[in-house]
Amino acid sequence: MRISYNWLKQFIKINATSEETGAVLTDLGLEVEGIEKFESLKGGLQGVVVGHVLTCIPHPNADKLRITTVDLGTGTPVQIVCGAPNVAAGQKVPVATIGTVLYDEEGKPFEIKKGKIRGEESHGMICAEDELGLGQSHDGILVLNEDLQPGTPVASLYDIELDEVFEIGLTPNRADAMSHWGVARDLRAGLMQLGETHKELVTPSVSKFKVEKRTLKMDIKVEDHKLAPRYCGVTISDIQVKESPSWLKNRLLAIGIQPKNNIVDVTNYVLHELGQPLHAFDASKIKGSKVIVKTVAAGTKFVTLDGVERILHEEDLMICDGNGPMCIAGVFGGLNSGVTDNTSSIFLESAYFNPVSIRKTAKRHGMNTDASFRFERGIDPTITEYALKRAALLIQEVAGGEITSDLEDLYPKKIEDFKVLLNFNNVNRIIGQEISKETIKKILVSLDIKVNSVSDAGLGLTIPSYRVDVQREIDVIEEILRVYGYNNIDITEKFNASISRSSRTEDYKVQNVVGNLLAANGFNEMMANSLTTPEYINLTEDLKEENNVVMLNPLSSDLSAMRQSLLFSALEAASYNINRRNNDLKLFEFGKTYHKILSGYQEDKHLSLLVTGQTNKENWTAKAQPTDFFYFKGYATMILSRLGIEKTSTQPLTQDVFSEGLALSLGKEILVEFGMVKKSILKHFDIKQNVFYADFRWDAILKVLSTKIKFTDIAKFPEVRRDLALLVDEQVTFEQIFNIAKLTEKSLLTNISLFDVYQGESLPAGKKSYAVSFTLQDSNKTLTDAQIEKIIGKIQSQLETQLGASLR
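Calculation rules
Residues numbered from 1 in each chain as written. Predicted model: local features only at pLDDT ≥ 70, side-chain atom pairs only at ≥ 80, totals over all residues. Heavy atoms only, no water. Helix = DSSP H or I, 4+ residues; strand = E, 2+ residues; numbered from the N terminus. Rg over C-alpha atoms; globule rule 2.2 N^0.38 Å. Contact = heavy atoms within 4.5 Å. Areas by Shrake-Rupley, 256 points an atom, 1.4 Å probe, with all protein chains shown as cover. Lys, Arg positive; Asp, Glu negative; His and termini not counted. Charge placed at Lys NZ, Arg CZ, Asp CG, Glu CD. Buried < 20%, exposed > 50% of the residue type's maximum accessible area, 1.4 Å probe, protein only. Pairing = 2+ DSSP bridges. Arc of directions from axis to C-beta. 1 Å grid on protein atoms, 1.4 Å probe; cavity = no way out; pocket = protein on both sides within 12 Å on 5 of 7 lines; lining within 4 Å. Points joined across faces, edges and corners; volume = space filled by probe spheres on them. Nonpolar A, V, L, I, M, F, W, Y, C, P; charged D, E, K, R; others polar. Axes fitted to C-alpha atoms, helices over the stretch in contact; angles between N-to-C directions. Core = buried A, V, L, I, M, F, W, Y, C linked by side-chain atoms within 4.5 Å. Salt bridge = Lys/Arg side-chain N within 4 Å of Asp/Glu carboxyl O. Parallel < 35°, antiparallel > 145°, perpendicular 65-115°, else oblique.

A. Here's a closer look at the overall build of the protein chain. Helices and strands together make up the secondary structure of the protein chain, namely 19 helices and 41 strands. For a compact globule of 808 residues, the expected C-alpha radius of gyration is about 28 Å, and the protein chain comes in at 39 Å, more than 25% above that figure. With respect to the three principal axes, the spread of C-alpha positions in the protein chain is 130 × 85 × 70 Å. Taking the intrachain contacts of the protein chain between residues at least 6 apart in sequence as the baseline, contacts between residues at least 24 apart amount to 69%. Split by element, the accessible area of the protein chain, about 41400 Å² in all, is 49% carbon and sulfur. The average position of the 91 basic charges and that of the 106 acidic charges among the side chains of the protein chain differ by 5 Å.

Put into structure tokens, the structure is as follows:
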């Protein structure tokens, strides 16, 4: 936000330099990020003086040049070569002396230097008005008043505005400081704390506001006072739309606003002066002399000032006339109701709109205007009428005209101030230093906070309604502290700290251990948005639409739901990198998924891993090797091993996003599922290479780690492993094999593991090879070969019968 120092001084008397004032504002929380010089005329005509042309003769070497001698008031005339056709002896002219910096049409500086032109010395430049930035003409030099004395600075002849502009990094909560008036209020409090006890704020007078005629009345109606709690309007007739006076243009230019015409410029001026957005309608374009504040039907088309046709939402608040919408309330005006050069009468609007309504409308239509920026944060509802009178008087000053209607103020329910009780002990405890009660009261009064009651324990306060960020006791304490000064709080010599006994399995500690492990193995951590598109549920049967947590006011349709899976965020990152030729990726993310369930909402934390591309760079000793399932499985087991989770068992997958994969569990708790992502899902992200993905159920892992360690006897009898190389159809999954084996032998079969998958030319068409291990153990005795062969035979027989599997 840009604040003009000259403008600020209209509200409060300041004797300090801009740097000193900037330091006070920064201490108050209005951080001054920089101070810029502003000149209404670039360069300020520094170095340009009045010259008296004593002689003027033709240049001996150029027909269109003249050699002049010019008195610059120094006592010694100088020779200047000039090409202007109208230069003549006896004239008073502006002369840019040696060393003066002027600016060309593009704003680029150039310095006037001593030189020779066609063999004749020239000690300066006699200037045309466009060369000085005073106009557009270049027909000849600018001829000044004959009464001027040589050497007079030309800058003294023109009203050049010199200003300093603060660039303030305003925090979103400080809606009260979004104007010069608001900054002046804060500055007064800061200066009073520094000892300048009698600082008064000077507000522009509106006592001259009066209704001259009642010839142009508008019938104003507000249909929903919740959306428009206060609405004011007045008409002004017989105005003349033209260029604004220089003082008004200079104020706007200083803060980066390009002047348009005197009516629009006044509304912008009051906006930045008082923080109250205004809008001017061409009264002749208001059909039926009606102004209706209401919402309209969804799908209504409306063309805004920028010429864009927008489709309105049923919750968009509109300013309408007898025929339809004229303006998106608090956001942007309409193309067909705005002020033009031919406008002779206007309806001027000043209002307080519901901040939430304005924010939603602005977001829906992707607009961010000076008006919406203020309305959606909350403006001062008490100055709506005052700002309208102020603007009306300024319009009469710069455009003429008469007030031709009563000022209507529709304000059925007054917005109340906030009531807060402040405890002195809480102030001193939170600030960490005792501040006298009198100092506290003076600070509060300087902030326009009214003290209603005083007791030994604290104060009863009334907070102005424009301080939307001060509604609790802690907010008041923050206000006291920022005005008192953070720099005035002593740093004690005693250091207090609490020693907390924390478990080694706390979430952040375990996360750091795993994160460091992955980073050491070449992984990069990614951080994805928890908001995503709800359309991803169509890519897998695991995710259901009824479980989507949908945003009430989404920024866009692509960010309208909370994610139910980390997979799609990871694939978005992979696609982005692959499209930029970064094909070899190892990524991980700690994040949450969000689910709507019958009892409310549920958040689950996960760790996701994604690996794709080559495992190594090609070099003279080895070819590049593509990532395969077992390479990726090594990372999954590595994480569990680092956390001390060793005795995992293999389970079939529960997620259908994998074409091949495994789940590792401890007891009945699945800890991780991993495998190769389905081609159909990869196609949606335009990924043509294999992608391996792992989903660690982080909450389950933390639960396992926090479980008290139980010790069991080492098995007295050995376990036995048997491997089968099975030739199966391509559509057969490991889950089917797992379930059949478990049902065939429930008591002695302790583990089933898939350790190789092969598909190649050596196999029959439509077939693939699964290498599966079966682990058997009896806790009471050693298994005999006969028992083992019988069990494996039964499993093999069932696989052959149910799946058509055969041994390779």
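Next comes the rest of the write-up.
B. Just the pairing of strand E19 (residues 317-320), in detail. The alternating pattern of E19 places Leu-317 and Ile-319 on one face and Met-318 and Cys-320 on the opposite face, and all of these are buried. Across 4 bridges, strand E16 (residues 290-295) lies against E19 in antiparallel orientation. The residue bridging Ile-292 from the neighbouring strand is Cys-320, located in E19. In terms of strand pairing, E19 meets strand E20 (residues 325-328) through 3 bridges, oriented antiparallel. Looking at E20, one finds that Met-318 is bridged to Ile-328. Hairpin connection, E19 to E20: the antiparallel pair is bridged by 4 residues.

C. Seen up close, helix H2 (residues 18-27). What H2 keeps buried is the set Ser-18, Thr-21, Gly-22, Val-24 and Leu-25. When H2 is viewed along its axis, its buried side chains cluster within an angular range of 160 degrees and face the same direction. Elements in contact with the buried residues of H2: helix H1 (5-8), strand E2 (31-39), strand E12 (162-169) and helix H4 (180-193). Remark: Gly-29 follows H2 within two positions and exhibits a positive phi of approximately 100 degrees.

D. View of empty space enclosed by the protein. Counted according to the given criterion, the structure contains 3 cavities of 30 Å³ or more. Its boundaries defined by the atoms lining it, the largest cavity holds a volume of some 130 Å³. Lining of the largest cavity is provided by 15 residues; of these, Ala-175, Asp-176, Leu-274, Gly-275 and Asp-380 occupy positions nearest its centre. By residue class, the composition of the lining of the largest cavity is 8 nonpolar, 3 polar and 4 charged. Estimates place the volume of the second largest cavity at around 100 Å³. If you go around the second largest cavity, you meet 15 residues; those closest to its centre are Thr-532, Thr-533, Tyr-536, Arg-563 and Gln-564. If you list the elements that add at least two residues to the lining of the second largest cavity, you get strand E31 (561-562) and helix H14 (567-578).

E. The sheet that holds strand E25 (residues 418-423), seen in detail. An order of E25-E27-E26 is seen for the 3 strands of this open sheet, with the pairing classed as antiparallel. Two strands lie at the open edges of the sheet, namely E25 and strand E26 (450-454), each paired on one side alone. Across the sheet, the axes of successive neighbouring strands diverge by a mean angle of 25 degrees, strand direction being ignored. In the packing of helix H10 (residues 424-431) onto the sheet, the strands contacted are E25 and strand E27 (458-463), and the crossing angle to E25 comes to about 75 degrees.

F. Quick peek at the nonpolar core. Membership of the largest hydrophobic core comes to 78 residues, with the highest contact counts inside it found for Leu-422 and Ile-480. No other element matches helix H9 (residues 384-399), which puts 9 residues into this core. Aside from chain neighbours lying at most four places away, what touches Ile-480 is Leu-422, Val-427, Ile-431, Ile-435, Ile-440, Ile-443 and Leu-444. Counting 60 residues, the second-largest nonpolar core is a separate cluster that includes Leu-702, Leu-724, Ile-788 and Leu-803.

G. Spatial organisation of the pattern of salt bridges. A complete count under the given rule lists 37 salt bridges for this structure. Lys-249 serves as the salt-bridge partner of Glu-243, at 2.2 Å between the closest nitrogen and oxygen. Assessed through its relative accessible area of 56%, Glu-243 is described here as exposed. A salt bridge links Glu-438 to Lys-441; its shortest N-O distance comes to 3.0 Å. Taken together, the positions of Glu-438 and Lys-441, both in helix H11 (residues 437-446) and 3 residues apart, correspond to about one turn of that helix. For Glu-438, a relative accessible area of 46% gives the class partly exposed. Here the salt bridges share partners, and the residues they tie into one network are Arg-174, Asp-176, Asp-186, Arg-467, Asp-469, Glu-479 and Arg-482.

H. The arrangement of the sheet that holds E2 in detail. As summarised here, the arrangement of the 3 strands in space is E1-E12-E2, forming an open sheet in which the pairing is antiparallel. The open sheet has two edge strands with one neighbour each: strand E1 (2-4) and E2. This sheet shows a mean twist of 30 degrees between the axes of neighbouring strands, independent of strand direction. Bridge analysis of E1 against E12 gives 3 bridges, and the strand direction is antiparallel. In the strand pairing of E12, Arg-2 is matched with Glu-167. Seen against the sheet, H2 touches E2 and E12 and runs at an angle of roughly 150 degrees to E2.

I. Summary view of the packing of helix H13 (residues 507-520) against helix H17 (residues 698-706). As a packed pair, H13 and H17 sit with axes 11 Å apart at the nearest point and diverge in direction by 105 degrees. Viewed along their axes, H13 and H17 adopt a mutual orientation that is roughly perpendicular. Side by side, H13 and H17 meet where Asp-507, Val-510, Gln-511 and Val-514 of the first sit next to Trp-698, Leu-702 and Leu-705 of the second. A class-by-class count of the residues in the contact of H13 with H17 yields 5 nonpolar, 1 polar and 1 charged.

J. Structural detail: the layout of surface pockets. In this structure, the second largest pocket encloses a volume near 630 Å³. What lines the second largest pocket is a set of 26 residues, and nearest its centre among them are Thr-267, Asn-268, Leu-278, His-279 and Leu-305. Within the residue set of the lining of the second largest pocket, elements represented by two or more residues are helix H6 (262-274), strand E15 (278-282), strand E21 (332-333), strand E22 (345-352) and helix H8 (370-375). Of the residues belonging to the lining of the second largest pocket, the class tally is 15 nonpolar, 8 polar and 3 charged.

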